[in-house]
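# Breakdown of the fold
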Amino acid sequence: MNNTAKKVLVIGGGFSGMATAIALRQQNIAVDLVEIDPEWRVYGAGLSLGGATLRTFQALGILDEFLRHGFAGKDTQLCAPDGALLVTLPTPDLTGTAIPGNGAIMRPVLARIMERATRDIGGVDIRLGCTFTAIEQGADSVAVSFSDGLRRRYDLVVGADGLFSKVREAVFPHAPKPSYSGQAVWRAVLPRPDEITCTRIWTGLQTKVGVNPVSAEQMYLFVNEHRPRNEFVDPATFVAQLQDLLAPFPAPLVQWMRAQLGEHSSIIYRPLEGMLMPRPWYQGRVLLIGDAVHATTPHLGSGACIGIEDGLVLAEELAGAPLEQALERFMERRWERCRMVVENSMRLGEIEKCGGDKAEHARIMQTSFQALAEPI
Ligand SMILES: Cc1cc2nc3c(=O)[nH]c(=O)nc-3n(C[C@H](O)[C@H](O)[C@H](O)COP(=O)(O)OP(=O)(O)OC[C@H]3O[C@@H](n4cnc5c(N)ncnc54)[C@H](O)[C@@H]3O)c2cc1C
């Protein structure tokens, strides 16, 4: 492991995997990327993004595209169920940059921007509808067999295949399994009224309602619900269940959104799961990144952020040092930040579930955003 990495395989073409491929090419490292979905699809929900995520877009060269197709703003407004503004959490300053404080975009739109960047940078050998079938580690390289019959050797394999990672299963059989948090989230896309120019959240007793603009015309609605058991929810009941969750919020805007929902609405329901694998996240020449190793609940809107940052930091470290040293440095730079996001998000969910201290909730959000604004 004393050689520097010249050829890397990325398994998984989500936000973390694409960011890794782009960042490695920026450092002139050869990259293969395999993605199991032949159509490279992403489901159609909105994605909230802090300033730290927009900083990663700048590093990847996609900030301008994001600004063209998404929505950039600042601050987060926390409101009572009747709409009274309780507090505005100011956006932390990303010192010395002109990067907006936060923003949001539809997932498929960001995925297409990143896919284009992954293709346009040149030199990423992308194979869709393809995955690994075996990973064999040797002293000088790691050999990977693929579902399309190919077998290739690499200096490093990066598992970026998400929450239910097969790379994790194969290489880290004793890793913790994802666990259900006791909350589920509902999401829907609605027209954006002019008054919604940043994230606005209404905190109820055990339910949290929020909106975030995703473009000039649209915003997305998210509703966190306390649901003790992770059971099947019949899609035929989605509209009625979401309307019931909004009913106890007298705020005029929440009631307007409730009235907008109907059979035509595309509603996404998702139980929230999380996992944080103890360090190190590498074994020999195989490293896990993104949700495969630190899947956070979305309370800080920072899951994509820390996965993309993983790719940037990995590429920086691999460019300058022998592999083993680079992986150690990667862990040093990533562990505390990712742990903070996963554990603080989990704590926010606990407070929401038991109708806990709203001041503590606001404080954790603010200190976490502040920590995320620090350089990576
Ligand atoms: C309800 C919900 C809301 C969220 N909201 C936000 C938010 O507002 N803001 C935010 O920043 N984050 C949010 N997150 C978190 C964010 O979605 C994730 O952190 C992020 O998508 C992780 O990206 P990833 O690339 O690591 O994993 P994934 O997005 O899961 O991508 C994994 C990729 O690997 C591919 N793959 C899977 N298995 C294989 C295999 N065996 N071989 C090859 N390819 C494979 C998949 O097809 C996929 O393309 C939210 C998460 C949830 C659950």
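This text gives an overview of the structure that appears in the document.

What counts as what
- For every chain, the first residue of its written sequence is number 1, and the numbers climb from 1 along that sequence.
- At least 70 in pLDDT is required for a residue's local features to be given in this predicted model, at least 80 for side-chain atom pairs to be given and counted, and no such filter applies to totals for whole chains, interfaces and linings, which use all residues.
- Think of the side-chain values as coming from all heavy atoms in the structure, minus any hydrogens and water.
- Side-chain atoms within 4.5 Å link the members of a nonpolar core, which is a set of buried Ala, Val, Leu, Ile, Met, Phe, Trp, Tyr and Cys residues.
- Partly exposed describes any residue whose relative accessible area lies between the buried limit of under 20% and the exposed limit of over 50%, with all areas from a 1.4 Å probe on protein chains only and scaled to the type maximum.
- Counting from the N terminus, the helices are DSSP H or I runs at least four residues long and the strands are E runs at least two residues long.
- Residues count as neighbours in contact if any of their non-hydrogen atoms are within 4.5 Å of one another.
- Asp and Glu are treated as the negative residues and Lys and Arg as the positive ones, with His and the ends of the chain left uncounted.
- For salt bridges, the criterion is a side-chain nitrogen of Lys or Arg within 4 Å of an Asp or Glu carboxyl oxygen.
- Expected span of a helix, by definition, is 1.5 Å for each gap between consecutive residues, and there is one gap fewer than residues.
- Any residue with at least one heavy atom within 4 Å of a molecule or strand is counted as near it.
- Any N or O atom pair separated by 3.5 Å or less is treated as a polar contact, with the protein-specific requirement of one donor-capable and one acceptor-capable atom, and with residues adjacent in sequence counted only for side-chain atom pairs.
- With residues, only the protein chains shown are counted as cover, and all accessible areas are computed by Shrake-Rupley using a 1.4 Å probe.
- Three classes are used, and their members are as follows: Ala, Val, Leu, Ile, Met, Phe, Trp, Tyr, Cys and Pro are nonpolar, Asp, Glu, Lys and Arg are charged, and the others, Gly among them, are polar.
- Aromatic pairs are defined between Phe, Tyr and Trp rings, using the six-membered ring for Trp, whenever the two ring centres lie within 6.5 Å; interplanar angles under 30 degrees are classed as stacked, those over 60 as edge-to-face, and all others as tilted.
- The rule is short: NZ of Lys or CZ of Arg within 6 Å of the ring centre and within 35 degrees of the ring normal puts a charge over the ring.
- We treat two strands as partners when DSSP finds at least two bridges between them.
- Where helices are involved, their axes are fitted lines through C-alpha atoms of the stretch in contact, as for all axes, and angles between N-to-C directions lie from 0 to 180°.

## Overview of the nonpolar core
Judged by nonpolar contacts, the single largest core of 85 residues is most densely connected at Trp281 and Leu318. Of the residues forming this core, the biggest block, 10 residues, is contributed by helix H9 (residues 323-353). If we ignore the near neighbours within four places in the chain, the residues touching Leu318 are Ala5, Val8, Leu24, Ile29, Leu156, Leu323 and Ala326. Ranked by size, the runner-up nonpolar core spans 26 residues in total, among them Trp202, Val223, Val254 and Tyr269.

## Re the side chain of Asp155
As for its placement among the helices and strands, Asp155 is situated in the loop between strand S11 (151-154) and strand S12 (156-159). Here Asp155 occupies a buried position and makes no salt bridge, while the nearest side chain of opposite charge, Arg285, is found at 4.4 Å. Setting aside anything within four residues of it in sequence, one finds Asp155 in contact with Asn3, Thr4, Ala5, Lys6, Lys7, Asp140, Val142, Arg285 and Leu323.

## A short note on helix H1 (residues 15-26)
Helix length check: H1 (12 residues) gives 17 Å between terminal C-alpha atoms against 16 Å at 1.5 Å per residue, within 8%. Counting buried positions along H1 yields 11 of 12 residues, so the element is predominantly enclosed. Taken together, the buried positions of H1 are Phe15, Ser16, Gly17, Met18, Ala19, Thr20, Ala21, Ile22, Ala23, Leu24 and Arg25.

## Some details on the site of the ligand
Neighbouring residues of the ligand: 31 residues in total, closest Ser16, Glu35, Ser48, Thr131 and Asp291. At 3.2 Å, a backbone N or O of Gly301 approaches an oxygen atom of the ligand. Between the ligand and Gly303 there is a distance of 3.3 Å, counted from an oxygen atom to a backbone nitrogen or oxygen. Out of a free accessible area of 1,000 Å², the ligand has 86% covered by protein chains. Those elements that provide at least two residues to the shell around the ligand are H1, strand S2 (30-35), strand S3 (46-50), strand S13 (179-191), strand S17 (267-276) and helix H8 (303-320). Sorting elements by how many residues they give to the shell around the ligand places H8 first, with three residues. Split into classes, the residues belonging to the shell around the ligand amount to 13 nonpolar, 11 polar and seven charged.

## With respect to the packing of aromatic side chains
Under the defined criterion, the tally for this structure stands at seven aromatic pairs. Where Tyr220 meets Phe222, the ring centres are 5.6 Å apart and the plane angle is 45°; that geometry is what we call tilted. Taken together, the ring pairs connect Trp186, Phe238 and Tyr269 into an aromatic cluster. Sitting over the face of the ring of Phe146, Arg127 holds its NZ or CZ atom 4.3 Å from the ring centroid.

## Here's the deal with the side chain of Thr297
Position of Thr297 relative to the elements: it lies in the loop between strand S20 (294-295) and H8. Assessed through its relative accessible area of 2%, Thr297 is described here as buried. Separated by 2.9 Å, the side chains of Thr297 and His299 make a polar contact.

## A word on the sheet that holds strand S4 (residues 71-73)
Here we have three strands laid out as an open sheet, ordered S3-S7-S4, and antiparallel in their pairing. With one partner strand each, in any of the chains shown, S3 and S4 form the two edges of the open sheet. Shown here is a sheet whose adjacent strand axes are inclined to one another by a mean of 20°, direction ignored. As defined by bridge partners, S3 adjoins strand S7 (residues 102-106) across five bridges and the pair is classed as antiparallel. Note on S7: the bridge partner recorded for Ser48 is Ala104. Across the sheet, helix H2 (residues 51-60) lies against S3 and S7, angled at about 90° from S3, the strand it touches most.

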